[in-house]
Amino acid sequence: MKISTEALSDKIDAALRLRVGHGKTYSFEALEEVTGIRARTLRSYVEGGTPSAAGLLSLFAALGPGFTSDILSMISQSARKGDDSEPEHMPTLCAATAFSSLLADALTDGHVDHREAAGLRPIAVELMELLAPIAAGGKPSVVRTGGAV
C-alpha cells in the first residue's frame, strides 16, 4: 500500500483541526511547549505542511492515542496507551496549559459566564482524567535527571 505525502498531510491537517487552535482542547502555544515544534510550524501542518518523522512522533506523544489512531486509520491501524496506569505527562501539560489559558481569557472581565464555563468543562474533565494517574502515584513516563520533578 502506497501512502502519498498529500494524503498523509490531509489526515494530519484534519486530526489537528479537531484538537488544536482557539477554543479547542490544545492551543498551538501549549503544544509548542510540549513538543518543541514552533507554533508557527504547527500551524503550517494545519495548512497542508507535513511534519518530519520526529515531529509526527512528538505529536503522537503529546496528543495521545486518539490523535495517533486518526492518522493510523489510513492503514487500518489504531493506537493505544502502552499501560493504562502510567501517567501521560505531555498531554497533561498540554491540557493544563490550554485550561489555564482559556480560564485566564474567561476571567478578563472578572467572572466566568455560563458560556465560558461550558467551554471550560470538557477540558477540565479531560485534565482530571489525565491527572488521576499522576495523583495515584503511577510510574512516571518521563524521567528527568538532576533536580526535582
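Above this text you will find the structure in question.
Since this is a predicted model, take the numbers as computed values, not measurements.

Conventions used here
Residues numbered from 1 in each chain as written. Predicted model: local features only at pLDDT ≥ 70, side-chain atom pairs only at ≥ 80, totals over all residues. Heavy atoms only, no water. Helix = DSSP H or I, 4+ residues; strand = E, 2+ residues; numbered from the N terminus. Buried < 20%, exposed > 50% of the residue type's maximum accessible area, 1.4 Å probe, protein only. Contact = heavy atoms within 4.5 Å. Core = buried A, V, L, I, M, F, W, Y, C linked by side-chain atoms within 4.5 Å. Axes fitted to C-alpha atoms, helices over the stretch in contact; angles between N-to-C directions. Parallel < 35°, antiparallel > 145°, perpendicular 65-115°, else oblique. Nonpolar A, V, L, I, M, F, W, Y, C, P; charged D, E, K, R; others polar. Patch = residues over 30% accessible without salt bridge, like charges linked within 9 Å, V, L, I, M, F, W, Y side chains within 5 Å. Areas by Shrake-Rupley, 256 points an atom, 1.4 Å probe, with all protein chains shown as cover. Salt bridge = Lys/Arg side-chain N within 4 Å of Asp/Glu carboxyl O. Expected span 1.5 Å × (residues − 1). Bend = angle between axes of the 7 residues up to and from the residue. Polar contact = N/O pair within 3.5 Å; in protein donor to acceptor, adjacent residues only side chain to side chain.

(A) Examining the environment of alanine 15 more closely. Its place among the elements puts alanine 15 in helix H1 (residues 5-19). With a relative accessible area of 3%, alanine 15 lands in the buried category. The residues touching alanine 15, leaving out its near neighbours within four places in the chain, are Phe67, Asp70 and Ile71.

(B) Local environment of the nonpolar core. One finds Leu16, Leu31, Leu42, Tyr45, Leu59, Leu63 and Phe67 to be the most contacted residues of the largest nonpolar core, which totals 21 residues. Among the secondary structure elements, those contributing two or more residues to this core are H1, helix H2 (28-35), helix H3 (39-46) and helix H4 (53-72). It is H4 that provides the largest number of residues to this core, a total of 7 residues. Those residues within four positions of phenylalanine 67 in sequence are excluded, and the remaining contacts are Ile12, Ala15, Leu16, Arg19, Leu59 and Phe60.

(C) Spatial organisation of the packing of H1 against H4. It is at 10 Å that the axes of H1 and H4 come closest, and there the two elements cross at 90°. By the angle between their directions, the pair H1 and H4 is classed as roughly perpendicular. Contact with H1, carried on its side by Leu8, Lys11, Ile12, Ala15, Leu16, Leu18 and Arg19, involves Leu56, Leu63, Gly66, Phe67, Asp70 and Ile71 of H4 and no other residues of that element. For the contact of H1 with H4, the residue count by class is 9 nonpolar, 1 polar and 3 charged.

(D) Structural detail: a nonpolar patch on the surface. Residues Met1, Ile3 and Ile75 make up a contiguous nonpolar surface patch of about 320 Å² in total accessible area. One can find isoleucine 3 in the segment before H1.

(E) Layout of H4. Taking 1.5 Å per residue as the helical rise, H4 with its 20 residues ought to reach 28 Å, whereas the 14 Å between its terminal C-alpha atoms falls clearly short. The largest bend in H4 amounts to roughly 135° and is located at glycine 64, with the proline proline 65 lying one to four residues further along. Of all the residues in H4, the buried ones are Gly55, Leu56, Leu59, Phe60, Ala62, Leu63, Gly64, Phe67, Thr68, Ser69 and Ile71. Among the structural elements, H1, H2, H3 and helix H5 (89-106) are those in contact with the buried residues of H4.

(F) Quick peek at the side chain of serine 69. Mapping serine 69 onto the fold places it in helix H4. Looking at serine 69, its side chain comes within polar contact range of the main-chain nitrogen of alanine 79, at 2.7 Å. What serine 69 contacts, discounting residues up to four positions off in sequence, is Gln77, Ser78 and Ala79.

(G) Representation of the pattern of salt bridges. By the definition in use, this model includes 3 salt bridges. Here aspartate 13 ties to arginine 17 by a salt bridge, and the two come within 2.5 Å at their closest N and O atoms. Separated by 4 residues within a single helix, aspartate 13 and arginine 17 lie in helix H1, roughly one turn from each other. Exposure remark for aspartate 13: the relative accessible area of 15% places this residue in the buried category. Note that arginine 43 and glutamate 29 form a salt bridge whose closest N and O atoms lie 2.9 Å from each other. Here arginine 43 is found in helix H3, whereas its partner glutamate 29 is found in helix H2, with 14 residues between them in sequence. Accessibility expressed as a relative area gives 34% for arginine 43, which makes it partly exposed.

(H) A look at H1. With 15 residues, H1 extends 21 Å between its outermost C-alpha atoms, agreeing within 8% with the 21 Å of an ideal straight helix rising 1.5 Å per residue. Regarding H1, the residues found buried are Ser9, Ile12, Asp13, Ala15, Leu16 and Arg19. Packed against the buried residues of H1 are H3 and H4. One or two residues past the end of H1 sits glycine 21, with phi positive at roughly 130°.

Treat this as a map of the structure, not an account of what it does.
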